[in-house]
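Residues per chain, in single letters:
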Amino acid sequence: MSQDFMDPEIFADFILEAKEHLETIEPNLLELENSPDNLSLLNEIFRPMHSLKGASGFLGLNRINSLAHKAENILDELRKGEMSVSSEIMDVILSATDALRQMIDNLDVTGQEGDVEIASIVEIIDAIMAGGGIAAPAPSASEEEQPREQQEDSSSDDDSADSSAAQSAAERVFVNLEPYALTAFGEGHLRDFVEEARDISENLNAGLLELETNPHAEGDLVNDLFRYFHNLKGNSGIIGFAELNSLTHEAETLLNKVRKGEMPSSHALVDLLLVVVDYIDAMVERIDATTGVATPVRIDDLLERLQKAVTEGIIDAPARPAGQQTAAQPEAPQESAPAQQEPSSAVAPGVDPDDLNVFRDTVSQQFESIRIALAELSKDSSQKDFVDALFRSLVTVQNSCGYMGLEETKVYAERTAKLVDQARSSDLDFSLMTDLLEQECAILKDMVDAQLTQLSSPAASTGADDAAEPAGDSPAARQAGKTEPPAAPVQKEKTAPAAAPAAKPAPAPRPSAKPAPKPAAPKPAAPAKPAAAPQAGGAAQPPAGNDQQAVHKGKSSSTIRVDHEKLDHLMNLIGELIINRNRYTMLARRLEGETDVNVADVAQNLTETTYAMARISDDLQDTIMKVRMVPVSSVFSRFPRLVRDLSRKSGKEVELIMEGEETELDKSVVEVIGDPLVHLIRNAMDHGVEPEEDRIAKGKRPKGRVWLRAYHKGNSVAIEIEDDGKGIDPERMREVAVNKGIISPEEAKSLDDREAMELIFAPGFSSAETITDISGRGVGMDVVRTNIKNLKGSVSIQSEIGKGTRFILSLPLTLAIIDALMVNVSDETYAIPLDAVSETTKIEAERLTDVNNRKAVTLRGEVLGIVTLSELLGLEGTTEDDEVLSVVVIHDNDRRLGLVVDRLLERQEIVIKPLGEYLGDLRGISGATIMGDGSVVLILDPHEIYLMATSKAV
């Protein structure tokens, strides 16, 4: 492999270090032959061999990496006691060392590894590892292309790769579909790798989108992209993640040709590299840092495309993710699939028969597990293993249905699984729930059976499955898509099902239906392939809508970057804290040891120390809060890719304008706002922005615009999603809500326009005339409100017909500590978040008037609705005879409401604690706090209080 784009200094350091490793290994090997039971000697040999393997992987020296890894494997077996030291083993390790030395010398002289013969050494090592005779020569792909070979059972690999037998050895890539252990140095090392890989992925997405926008502005941009791939290649080589190393190596090689000017950048190139980034995300998410195990992904087809682009300069435009393009706008040439590749069993158009069979087998197994679990729990409800099995099976059904696009069924399964999870988390007696769960599971099974019948019917229309979202568009599908990206997808369009490529039949890459039950494992988010991969073109691509993948980068990050100056300040504060602690100790000793104590002097010292402690604790709290704050750009950076992909999918040209990316929020808030933002952006692009011809007819610019902005608003942060589309028609909202039975006609008439628009947040509400694979099923906006409410925030709408719509999310800076106004109601203390308090005032009771059967008062020229908080919370009232009422004026966005309380107490900083699963979701209550005397005070939710007061909560 040519090293012409390597850093010469790094390269020279590697050669020097490699020679030192070999000089350490050889004498120790000779000594080991005389002392075969010396474990410490084995470790002394293993460590430098492991280091040599990692460093060579980092530099992409695949032949050295492959041989060093083979030798490391056999040394590891000796360390474990699985093998005994023998002359045959010593000979082969010494031969491997000689070959490694020769390749290192070649690198030193020529910059190339050279044609050193290593195949025979690999054969002998494979034979020893297999416990048999000399194996057949291993394909050179493991030498040339893979830093970590997947050939420890070469005969098995050959059997599984019959379909690729025509490929040359140099092009052939063996991918072990079974999980294997990585060679990291502990859980912390792997977590660091995963964090860095996610950062690199975000940078690659942003950089590639910029390159697509400005294909001629290469220079530093291409160098940056190259460096990202190069770093990830090296890191994956160190931990022995073969597939990731091979993929990033090929992508790096392709980019190297671009930066050398040997190949121009193009849309096709960006598309291909974005597919690579999708695969990188898929593989990173399949790393279990706790166990150190990675589940590999089949990447044969994608590697072939990358190699073809490098060697021939021909870039096959990869397929877009499911539904990403319309039939009228194909992204890449498509070949016809021969009819003989279709199984004889009849299925609905656009449904992959193999996927349907796997899905049928999976749900059948899971429902049998559910039946057994419920039967056992009905006998003995304390059997935790069966409770856990029941939960896992429901999650598997949920994910499998999501992958197949059966959104309604998936939601039902998810609710049932959550019911089980909440019960087991709260140690509820399952004997109280078995009857209910049996009914729920029976309904779920009927729903799945009905969908199976529909999917199995060749007469079923692809557009008739209103409950079935295309596989690439559901969250479960995206996760499932990460488990095993298919090498040859099949397009599933609502207009006309497309054919699969002839050269790569869709079912070929799938090893078998056996992986289907894997979601039953504790990590159910990655089900095996129970569904079709609805893509066009012929490129291997995870069948995951990139929109959700962008947000589910999954798993919340376990690390945070902190400016060292903040840490220095924290250390200073800790020092001051210790000094004040010592002052308290001295005061205590003085009080204990002295008989004639000057009380005034001690009181003064105690007061000073207490004030100092209060100052330090305030500063400490403020600094810790700042440490937890991260810019929203970490979330915003994912959405240019989302908008790009949705633009292609919908056929609408849309420009995303982001503002206020530097605005900071608490890390825990940033981690969970991704899902709501995805729903809102999808809605804006699908329902808000009009098609180009409609915009031109209305005198608007042809390209639509969506704004995503963040800014500080008092002690909270506002995030706005705005579009310049057609807006929301309140009358249309009322009509749809009545037709769907969400509200009655009388209730619809009493709603003002603002309240009518808020009907969009009602579960199941959708004003879309046609359901697309982007949105329109009425399962998104209620999720937005629920998620924002869980964050102690609120969401509001501003819209003007023909001009556009703006959604405003108001979020707290932190979920931990807030300022609150303490009030007394019916001899109970409650906390009202100070952010929601406009003012407090006293009002004479005689000033109250009735407006539409509600109390109101004119306050400084504004008609203000008044409610008694005790009545609203169902408490015994004590203010009926009061002549002067204590009123707290709260605001919900720009709406105001007066709450009558018994007594205003004080402003206080409180620590928010969740209510827990046992109490559930209490209306009007967002959490609780513990006071200094140990008493528990409930925290009111101003948004819920307003909705309860107006009796129009949706």
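Residues numbered from 1 in each chain as written. Predicted model: local features only at pLDDT ≥ 70, side-chain atom pairs only at ≥ 80, totals over all residues. Heavy atoms only, no water.

Trainee: Describe the side chain of lysine 700, naming the residues involved and giving the relevant values.
Mentor: Along the chain, the position of lysine 700 falls in the loop between α25 (692–697) and β7 (704–713). Polar contacts involving the side chain of lysine 700 include one to the side chain of glutamate 690, which spans 2.8 Å. (Helix = DSSP H or I, 4+ residues; strand = E, 2+ residues; numbered from the N terminus. Polar contact = N/O pair within 3.5 Å; in protein donor to acceptor, adjacent residues only side chain to side chain.)

Trainee: Any chance you could break down the UniProt feature "modified residue: Phosphohistidine" (unreviewed entry) in the chain for me, citing the residues and the numbers?
Mentor: Under the UniProt annotation, "modified residue: Phosphohistidine" (unreviewed entry) lies at His50 and His230. Here histidine 50 shows up in helix α2 (residues 39–58). Of the residues examined, histidine 50 reaches a relative accessible area of 9% and is grouped as buried. Looking at the element boundaries, histidine 230 is found in helix α9 (residues 220–239). (UniProt positions renumbered as here; feature names shortened; annotations may be inferred. Buried < 20%, exposed > 50% of the residue type's maximum accessible area, 1.4 Å probe, protein only.)

Trainee: So what about the pattern of salt bridges? Which residues, and what values?
Mentor: When their charged atoms lie close together, side chains carrying opposite charge are able to pair. In the structure shown here, the tally under the stated rule is 56 salt bridges. As a salt-bridge pair, glutamate 252 and lysine 233 come within 2.8 Å of each other at their nearest N and O atoms. Linking glutamate 252 in helix α10 (residues 242–259) with lysine 233 in helix α9, this pair joins segments that are 19 residues apart in sequence. For the pair glutamate 252 and lysine 233, a shared accessibility class is recorded, and that class is buried. (Salt bridge = Lys/Arg side-chain N within 4 Å of Asp/Glu carboxyl O.)

Trainee: Describe the packing of aromatic side chains, listing the residues and the values that go with them.
Mentor: Scanning the model with the defined rule gives two aromatic pairs in all. Seen in terms of ring centroids, tyrosine 180 and phenylalanine 241 are 6.4 Å apart; in terms of plane orientation they differ by 85 degrees. Their pairing is edge-to-face. Here the residue tyrosine 180 occupies a position in strand β1 (residues 180–181), and phenylalanine 241 occupies one in the loop between α9 and α10, the gap between them amounting to 61 residues. Among the residues examined, phenylalanine 241 registers a relative accessible area of 0% and is labelled buried. (Phe/Tyr/Trp six-rings, centres within 6.5 Å; stacked < 30°, edge-to-face > 60°.)

Trainee: I'd like a description of the sheet that holds strand β2 (residues 287–288), backed by residues and values.
Mentor: Read across the open sheet, the three strands follow the order β1-β3-β2; overall the sheet is antiparallel. This sheet does not close on itself; its edge strands, each paired only once, are β1 and β2. Looking at chain direction, β2 and strand β3 (residues 293–294) are connected through two bridges and run antiparallel. By the bridge assignment, isoleucine 287 is partnered in β3 with alanine 294. (Pairing = 2+ DSSP bridges.)

Trainee: Now, about the sheet that holds strand β13 (residues 837–844): what can you tell me, with residues and values included?
Mentor: Strand pairing within a sheet occurs via backbone hydrogen bonds; the two strands may be parallel or antiparallel. The strand order across the open sheet built from six strands is β13-β17-β18-β16-β15-β14, with neighbouring strands paired in mixed fashion. Pairing within the sheet leaves two strands with one partner each, and these edge strands are β13 and β14 (849–851). Sheet twist, expressed as the average angle between the axes of neighbouring strands with direction ignored, equals 40 degrees. Bridging between β14 and strand β15 (residues 854–859) involves three bridges; their strand directions are antiparallel. Bridge assignment links valine 851 to a residue of β15, and that residue is arginine 854. (Axes fitted to C-alpha atoms, helices over the stretch in contact; angles between N-to-C directions.)

Trainee: An account of helix α29 (residues 781–790) is needed here, citing residue identities and associated values.
Mentor: Residues spaced three or four apart along an α-helix face the same direction, because each turn holds 3.6 residues. Where α29 is concerned, the buried positions are Met781, Asp782, Val784, Arg785 and Ile788. The buried residues of α29 all sit within an arc of 155 degrees when viewed along its axis, so they share a single face. Close packing links the buried residues of α29 with α24 (674–688), β9 (794–800), β10 (804–812) and α31 (942–950). Count one or two residues on from α29 and you reach lysine 792, which has phi positive near 65 degrees. (Arc of directions from axis to C-beta. Contact = heavy atoms within 4.5 Å.)

Trainee: Requested: an account of the environment of glycine 54, with residues and values cited.
Mentor: With respect to the helices, strands and loops of the structure, glycine 54 is situated in helix α2. Considering only alpha carbons, one finds glycine 54 and isoleucine 239, 185 residues apart in sequence, at a separation of 7.0 Å. Setting aside chain neighbours within four positions, we find glycine 54 in contact with Gly237 and Ile238.

Trainee: An account of unusual backbone geometry is requested, with residue identities and associated values reported.
Mentor: Most peptide bonds are trans, and most residues other than glycine sit at a negative phi. Despite not being glycine, serine 826 has its phi angle at roughly 50 degrees, a positive value. Tracing the sequence through the fold places serine 826 in the loop between β11 (817–825) and β12 (828–833). Positive phi outside glycine occurs at arginine 860, with the angle close to 50 degrees. Along the chain, the position of arginine 860 falls in the loop between β15 and β16 (862–868).

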